[in-house]
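Per-entry structural report
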Amino acid sequence: MEEEMGGLGRPPVMIGGEVERVDGRALRYEEFVERYLMPNRPVLLTGLMDVWRAATDWLAPDGRAPNLPFFAAHFGDSVVQVADCFKREFTDQKRREMTVAEFVSYWLKLSSRKDSSVLRCNDDDESLLYLKDWHFFKEYPDYVAYRTPPFFTDDWLNLYLDSHLIHRDSDIHRDKNEINCADYRFVYMGPKGTWTPLHADVFRSYSWSANVCGRKLWLFLPPCQCHLVFDRNFRSSVYNVYDDVSEAQFPGFKKTIWLKCTQEQNEVIFVPSGWYHQVHNLEDTISINHNWFNTYNLSWVWGLLLRDYNVAKEYIEDIRDICDDFEGLCQRNLAANTGMNFYDFMIFITRFTLGNMILLFHLRHEEGSINNLLTKSRYFITNLMSIRAVASKMKTVGAFAEENLKSCSVENHTAFSDVQKIFEEPEFHDLCSALKRTYESIDNQWEQDPQTRTALFCQDCFKCLKTGSGFLDFVISPTSKVCGPEDLVSLIDHAMEKTKSGCCNFSFPSELFEVEPFVV
């Protein structure tokens, strides 16, 4: 058993079950949504990587080990982050920068040591390095290493970052740090024994991880038990479940019940929102990983932002009276600590609202069976109702009160308030086009007509949105300004009423609007 666990031994926690393993080729998108996305459950998927270029180029001749010389020869100059699995720094592992060629050289030397398999974390003279968070997709867009499995293509986070900065404030987005990263698509590479400490994913996003080679051990803790891995003050959490965890510091830890799974080569794991997990490489491993969110976990993102905002505000409460822009400072701290602040999020959901409205409006041009049109419209209406549910929660937040919006920069305020200007932006056009391509590709249910796809979001079409075809009446009621979440709710309500009443020459059945909001 210990050999199967890569020398780790049995996990020192109570295991309540195994993660389900499913043949992804036999699973439809709607089934994936109903069985895993909506219930927020992990699953291990097989059969999705057979035609990936990475599954050949990145493997040694034996088809199992990583082809490290290939990486050094083709991508050796890339500068990447590597974590030292033997050294802790705050809540993570200590990191440094290396080139890929330097990391490959290190790994080859490590592999040549006969005793490397018995290195332990208390060996202060050694490092065990793990290449993490390599933005490979952005750095090498012409090298198509893989295709995102269809279950994960409805990825609002990366679609947005392909055309937008996550921050618009000049004092934030000019910083060269992780909070303004290019995307959340990564390559991870590490020798046997490398690992990732216990954590929940950034933004409380979903993630998926595909093993190109190697094996991983995953330990999962469901969200309903995650409070048990925190200390009495809910300030710090358990770092490593294999440590001798202090019962005095973490009194609830021994009550936790976990799921586990061993992920094999060519298997893809889906990690739901809010599940704490710890991951160990049982063999030399290369994986491709995405973080992402969409309509089904949008409320998780807002919930995290709100909690982290309250923590940030409490931390500096004692300087409120002497601070000229207390709310602005809270938002800057939130962006630095969490990766996004309230105004970034408002811009994000406003643009996805308008994009989904455009797609819904343009169904009037579609021809086909009623069932096909209903399938298409269901995506957009579900998205809009989910955004509405989150925006309704945001209405009571003080950051959007009139006096606090003064701390919102002109760049941020204009980016969500001026609807007409948004319609004119090329990056918004790109986002709309990407959204349409995404829903066309899901489960191969939509026709793949390149001419139709190109024509739908050409420049003339966006001019039409400003001047005619009834779109402004569909979207905008009395004003073209969205001054806060309350206006966004009104915008969605107006569009839904138009949709129900048969605007756009097509009437949708009422059951489409009985969408349950996906709220944490």
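Residues numbered from 1 in each chain as written. Predicted model: local features only at pLDDT ≥ 70, side-chain atom pairs only at ≥ 80, totals over all residues. Heavy atoms only, no water.

Note the threshold: UniProt positions are given in the numbering used here, feature names are shortened, and annotations may be inferred rather than shown by experiment.
Taking an unreviewed UniProt entry as the reference, the protein chain is identified by name as JmjC domain, hydroxylase belonging to Musa troglodytarum. Recorded in UniProt for the protein chain, the comment headed Sequence similarities (unreviewed entry) runs: "Belongs to the JARID1 histone demethylase family."

Points about the overall build of the protein chain
To keep it simple, the criterion reads: Helix and strand definitions here come from DSSP, where helices need a minimum of 4 consecutive H or I residues and strands a minimum of 2 consecutive E residues; each element is numbered from the N-terminal end. Relative accessibility thresholds used throughout: buried, under 20% of the residue-type maximum; exposed, over 50%; partly exposed, between the two (1.4 Å probe, protein chains only). Contact criterion: two residues are considered in contact whenever any of their non-hydrogen atoms come within 4.5 Å of each other. To be clear on the numbers: accessible area is Shrake-Rupley with a 1.4 Å probe, and residue cover counts the displayed protein chains and nothing else.
Along the backbone of the protein chain there are 18 helices and 14 strands. For the protein chain, the residues scored as buried account for 56% of the 520 residues in total. Of the contacts made within the protein chain by residues no fewer than 6 positions apart, 78% connect residues no fewer than 24 positions apart. Accessible surface, the protein chain: about 23,200 Å² in total, of which carbon and sulfur atoms supply 49%.

Side note on the packing of aromatic side chains
Stated precisely, the cut-off is as follows: Only Phe, Tyr and Trp rings are paired, with Trp represented by its six-membered ring, and only when their centres lie within 6.5 Å; those with planes under 30 degrees apart are stacked, over 60 edge-to-face, the remainder tilted.
All told, the structure shown has 54 aromatic pairs when counted by the stated rule. Ring centres of Phe32 and Tyr36 lie 5.8 Å apart, and the angle between their planes is 45°; on these two criteria the pair is classed as tilted. Within this pair, Phe32 and its partner Tyr36 are both found in helix α1 (residues 29–37), separated by four residues, close to a single helical turn. As far as burial versus exposure is concerned, Phe32 and Tyr36 are alike and both buried. Considering the side-chain rings of Phe70 and Phe71, the 6.2 Å spacing of their centres and the 90° angle between planes classify their relative orientation as edge-to-face.

A few points about helix α3 (residues 68–75)
Helical periodicity: at 3.6 residues per turn, an α-helix aligns residues three or four positions apart in one direction. Filter applied, for reference: In this description, the arc belongs to the directions extending from the helix axis to the C-beta atoms.
For α3, the full list of buried residues reads Leu68, Phe70, Phe71 and Phe75. For α3, the buried positions fall inside an angular range of 155° around the axis, keeping them on one side. Of the exposed residues in α3, the ones pointing more than 90 degrees away from its buried face are Pro69 and Ala73. The elements touched by buried residues of α3 are α2 (54–57), α4 (100–112), β6 (129–134), α5 (136–139), β7 (185–190) and β14 (285–292).

Quick notes on the nonpolar core
As a reminder of what qualifies: Among buried residues, those of type Ala, Val, Leu, Ile, Met, Phe, Trp, Tyr and Cys that are joined through side-chain atoms within 4.5 Å constitute a nonpolar core.
With 128 residues, the main nonpolar core has Phe32, Trp58, Trp134, Met189 and Phe345 as its most contacted residues. When residues of this core are assigned to their parent elements, the largest contribution, 14 residues, is made by helix α10 (residues 342–361). For Trp134, the contacting residues outside a window of four places in its chain are Phe71, Phe75, Ser78, Val80, Val100, Glu139, Tyr140, Arg185, Phe186, Val187 and Met189.

Topic: the sheet that holds strand β2 (residues 21–23)
To keep things clear, this is the line we draw: One requirement defines pairing of two strands: DSSP has to find at least two bridges between them. Throughout, an axis means a line fitted to C-alpha atoms (over the contacting stretch in the case of helices), and angles, computed between N-to-C directions, take values from 0 to 180 degrees.
One open sheet accounts for nine strands, arranged β2-β3-β12-β9-β14-β7-β6-β4-β5; its pairing is mixed. Looking at the sheet topology across the chains shown, the edges are occupied by β2 and β5 (92–99). Across the sheet, the mean angle separating the axes of adjacent strands is 25° when strand polarity is ignored. As defined by bridge partners, β7 adjoins β14 across six bridges and the pair is classed as antiparallel. Considered in β14, the bridge of Gly190 is made with Thr285. Here α4 sits on the sheet and contacts β4 (79–89), β5, β6, β7 and β14; the angle it forms with β5, its principal contact strand, is near 110°.

Things to note about the packing of α10 against helix α18 (residues 485–500)
The following threshold applies: Here is the rule for angles: anything less than 35 degrees is roughly parallel, anything more than 145 is roughly antiparallel, 65 through 115 is roughly perpendicular, and the remaining ranges are oblique. Asp, Glu, Lys and Arg are counted as charged, while Ala, Val, Leu, Ile, Met, Phe, Trp, Tyr, Cys and Pro are counted as nonpolar; the rest, among them Gly, fall into the polar class.
It is the contact of α10 with α18, at a shortest axis distance of 11 Å, that shows an interaxial angle of 10°. Of the possible angle classes, the one that applies to α10 and α18 is roughly parallel. Contact with α10, carried on its side by Met346, Ile349, Thr350, Thr353, Leu354, Met357 and Leu360, involves Pro485, Leu488, Leu491, Ile492, Ala495, Met496 and Thr499 of α18 and no other residues of that element. When the residues that make up the contact of α10 with α18 are grouped by side-chain class, the tally is eleven nonpolar, three polar and no charged.

Structural notes on the packing of helix α8 (residues 298–315) against α10
Where we set the bar: In this scheme the crossing of two helices becomes right-handed for a clockwise turn of the near helix relative to the far one and left-handed for an anticlockwise turn of less than a right angle.
Remark: α8 packs on α10, axes separated minimally by 11 Å, with the N-to-C direction vectors making an angle of 160°. Of the possible angle classes, the one that applies to α8 and α10 is roughly antiparallel. Taken as a pair, α8 and α10 cross one another with a handedness that is left-handed. Touching Leu298, Val301, Trp302, Leu305, Leu306 and Tyr309 of α8 are Phe342, Phe345, Phe348 and Ile349, all from α10.

Some points on the side chain of Ser409
This is how it is decided: Distance and chemistry together define a polar contact, namely a pair of N or O atoms within 3.5 Å, with one atom able to donate a hydrogen and the other to accept it when in protein, and with adjacent residues in sequence counting only for side-chain atoms on both sides.
Counting through the fold element by element, Ser409 comes out in the loop between α11 (370–394) and α12 (410–417). At 3.1 Å, the side chain of Ser409 and the backbone nitrogen of Asn412 are in polar contact.

Some remarks on the pattern of salt bridges
Our working definition: In the sections that follow, a salt bridge refers to a side-chain nitrogen of Lys or Arg positioned within 4 Å of a carboxyl oxygen of Asp or Glu.
As enumerated under the stated definition, the model contains 27 salt bridges in all. Each of Arg64, Arg215, Glu264 and Glu283 takes part in a single network of salt bridges with overlapping partners.

A word on the sheet that holds strand β10 (residues 216–221)
The strand order across the open sheet formed by five strands is β1-β11-β10-β13-β8, and the pairing between neighbours is mixed. Either end of the sheet is taken by a strand with one partner, and the two such strands are β1 (14–18) and β8 (195–199). With direction set aside, neighbouring strand axes in the sheet form an average angle of 25°. Bridge count between β10 and strand β13 (residues 276–281): six bridges; the pairing is antiparallel. If you follow Trp218 over to β13, its bridge partner there is Val279.

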